[in-house]
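# Descriptive structure summary
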Amino acid sequence: MNVLIIGSGGREHALAWKSAQDHSVKNVFVCPGNAGTHLEKKISNIDIDSNNFEAIESFCIEKNIGLVIIGPEQPLVMGLTDFLQSKGINAFGPSKNAAQLEGSKTFSKDFFVKYNIPTAGYKSFEDFDQAVSHLEKINYPTVVKADGLAAGKGVIICSNKDEAINALNSIFKDKAFGSAGNRAVIEDFLEGEEASFIAVVSKNKIIPLATSQDHKAVGDGDVGLNTGGMGAYSPAPIVTEYINQKILDEVMYPTMQGLIKEGSPYLGFLYAGLMIKDDEIKVLEFNCRFGDPETQPILLRLNSSLVDLCMAAINDTLDSYSIEWTQKHSCGVVIASEGYPESYESNKEINITEHNNSDTKLFHAGTRYEDEKIITNGGRVFCATALGDNLKEAQENAYNLVQKVEFDGAFHRKDIGFKGIK
Ligand code: AMP
Ligand code: GLY
């Protein structure tokens, strides 16, 4: 079979790398991919704009693609799955309607309330003045969110009313998040520890993936601006068996059943971002895709075939699929460009020292290949990912791998996995 992966990040490098390991897979294509996918055996990058659905369809027909895995949220929210499926192509990802769970915070919050899924109290606004007058009535800190897709950056935690007014100004007036800021949600601040719960879902069937925890803040000790994620590890001890079951019962099944009732049954990776405090769980957000960087450490632990898993979901046979993991722990450390998540420079030449260890994998993210050189091409540039017999060892191995990469302005967090080790 030939497989097509849509996207260009670290998640997509990991999805392509894992798909290519399958003996039944002849070729993996990545649209548009990065230097890492370009350099892998069996994997080729293709230069097609992922907004050009017709061009993707033609490519699938030409190369006899048996499975398309769509990595990022944007093409899912734009309806790429619906389009490809309507042409008879096997696409793994939610429909445009189901992807609203991530595409609109107002949609997802209203959905949580309708189906009794635990979440922070909130109110949604289309009008700046009404939003500002609501600020009189609430406690602080509070959380102000742009409604639409904002690459993980549209969430502002405000410790007082002035900060909340500034946040509303940047969303509604300065249009800092473009049309994602046509509406805003103001929600109660939740305390606790965050975890990512990611599963493969098909209608009313679910296979939870290995547990993981991301590190969203840019600085050590979880300080500074929120990013797309600076590193992740798996498994995450915070998700005990008890919490795991609670997440399934209170969050995942009600969501899957709610979507069926709404006429939009889910297919694809479904990611719940959760806040856990004592034994209480609340949903912070849903993502309609695999997490980045969670994908990288999770897939390094997956012994089963990713392609078979996606096909089982598409063919509605998940209940007879059994998934296997290595008992080892994994840790992924993001190497980013100086300035990220704010402005940063690209086009720096990268030097990677030779390394060869079956327990480590350097996943590329913002890189491109030009004149036989690897060049930086984004904020998050790599995710150095490694296995170990325990989390501490996985962490040490990942940080050893980080040392093999050099470019001007490279930085990383020094404490990925610290909560799991504590
Ligand atoms: P979201 O995109 O909604 O998951 O928000 C991004 C990040 O902002 C989360 O991973 C949390 O770290 C933080 N966050 C979002 N909502 C809340 C909340 N209600 N209380 C505390 N932190 C939050
Ligand atoms: N790592 C967080 C995300 O993928 O949204």
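In the block above lies the structure referred to throughout.
Our subject in this report is the structure included herewith. (Residues numbered from 1 in each chain as written. Chains lettered and ligands numbered in written order. Predicted model: local features only at pLDDT ≥ 70, side-chain atom pairs only at ≥ 80, totals over all residues. Heavy atoms only, no water.)

### Observations concerning the pattern of salt bridges
Stated formally: Think of a salt bridge as a Lys or Arg side-chain nitrogen and an Asp or Glu carboxyl oxygen that are within 4 Å of each other. Categorising residues by exposure relies on relative accessible area from a 1.4 Å probe, with only protein chains included: less than 20% of the type maximum marks a residue as buried, more than 50% marks it as exposed, and the intermediate range marks it as partly exposed. Runs of E in the DSSP output that reach at least two residues are strands. Runs of H or I that reach at least four are helices, and both are numbered from the N terminus.
What the rule picks out here adds up to 24 salt bridges. As a salt-bridge pair, Glu 12 and Arg 11 come within 2.7 Å of each other at their nearest N and O atoms. For the pair formed by Glu 12 and Arg 11, the shared burial category is buried. With its nearest N and O atoms 2.8 Å apart, the salt bridge here joins Asp 222 to Lys 419. Of this pair, Asp 222 sits in the loop between strand S13 (217-219) and strand S14 (223-226) while Lys 419 is found in helix H14 (residues 418-421), placing the two residues 197 residues apart along the sequence. On the basis of relative accessibility, which here comes to 23%, the residue Lys 419 falls in the partly exposed class. Overlapping salt bridges bring together Lys 105, Glu 194, Lys 216 and Glu 285 as one network.

### Remarks on the sheet that holds strand S9 (residues 184-188)
As a reminder, the rule being used: DSSP calls a pair of strands paired once it identifies at least 2 bridges connecting them. Axes, fitted as lines to C-alpha atoms, cover a helix only where it is in contact. Angles between the N-to-C directions of the axes lie from 0 to 180 degrees. Here, residues are in contact when the closest pair of their heavy atoms is within 4.5 Å.
One open sheet accounts for 4 strands, arranged S6-S9-S7-S8; its pairing is antiparallel. In this open sheet, the two edge strands, each paired with only one partner strand, are strand S6 (122-125) and strand S8 (155-158). The average undirected angle you get between the axes of adjacent strands in this sheet is 20°. In the sheet, strand S7 (residues 142-146) pairs with S9 via 5 bridges, with the strands oriented antiparallel. By the bridge assignment for S9, Ala 146 is matched with Ala 184. Sheet strands touched by helix H7 (residues 105-114): S6, S7, S8 and S9. Its angle to S6, the strand with the most contacts, is close to 140°.

### Some thoughts on helix H9 (residues 161-173)
What counts, and what does not: One less than the residue count of a helix, multiplied by 1.5 Å, gives the span that helix is expected to have. Under this definition, polar contacts are N or O atom pairs within 3.5 Å; protein pairs additionally need one hydrogen-donor-capable and one acceptor-capable atom, and for neighbouring residues in sequence, both atoms have to be side-chain atoms.
With 13 residues, H9 extends 17 Å from end C-alpha to end C-alpha; this agrees with the ideal 18 Å at 1.5 Å per step. When we look at burial in H9, the residues that qualify are Ala 164, Ala 167, Leu 168, Ser 170, Ile 171 and Phe 172. Looking at the buried residues of H9, the elements they touch are S6, helix H8 (128-134), S7, S8 and S9. Of the residues flanking the start of H9, the one acting as N-cap is Asn 160, its side-chain oxygen 3.2 Å from the backbone nitrogen of Asp 162. Taken from the residues just after H9, Lys 175 is the one with a positive phi, measuring 55°.

### As for the site of ligand 2
For clarity, the cut-off: One heavy atom suffices: a residue is near a molecule or strand as soon as one of its heavy atoms comes within 4 Å of it. Residue burial considers only the protein chains on display, and all accessible areas are found by Shrake-Rupley using a 1.4 Å probe. Following the grouping adopted for this structure description, the nonpolar residues are Ala, Val, Leu, Ile, Met, Phe, Trp, Tyr, Cys and Pro, the charged ones are Asp, Glu, Lys and Arg, and the polar ones are all others, Gly among them.
Asp 214, Lys 216, Gly 228, Tyr 271, Asn 287, Arg 289, Gly 291, Asp 292, Pro 293 and Glu 294 make up every residue found near ligand 2. Asp 214 places a polar side-chain atom, nitrogen or oxygen, 2.7 Å from a nitrogen atom of ligand 2. One of the backbone nitrogen or oxygen atoms of Gly 228 is found 3.0 Å away from a nitrogen atom of ligand 2. Isolated, ligand 2 exposes 200 Å² of accessible area, and the fraction of that covered by the protein chains is 91%. Tallied by class, the residues present in the shell around ligand 2 amount to 2 nonpolar, 3 polar and 5 charged.

### Considering the pairing of strand S20 (residues 360-364)
With respect to burial, S20 is a largely interior element, 5 of its 5 residues being buried. Pairing analysis gives 5 bridges linking S20 to strand S23 (residues 380-388), with the strands arranged antiparallel. Within S23, the residue paired with Phe 363 across the bridge is Cys 383.

Function-wise, these values are silent; they only describe arrangement.
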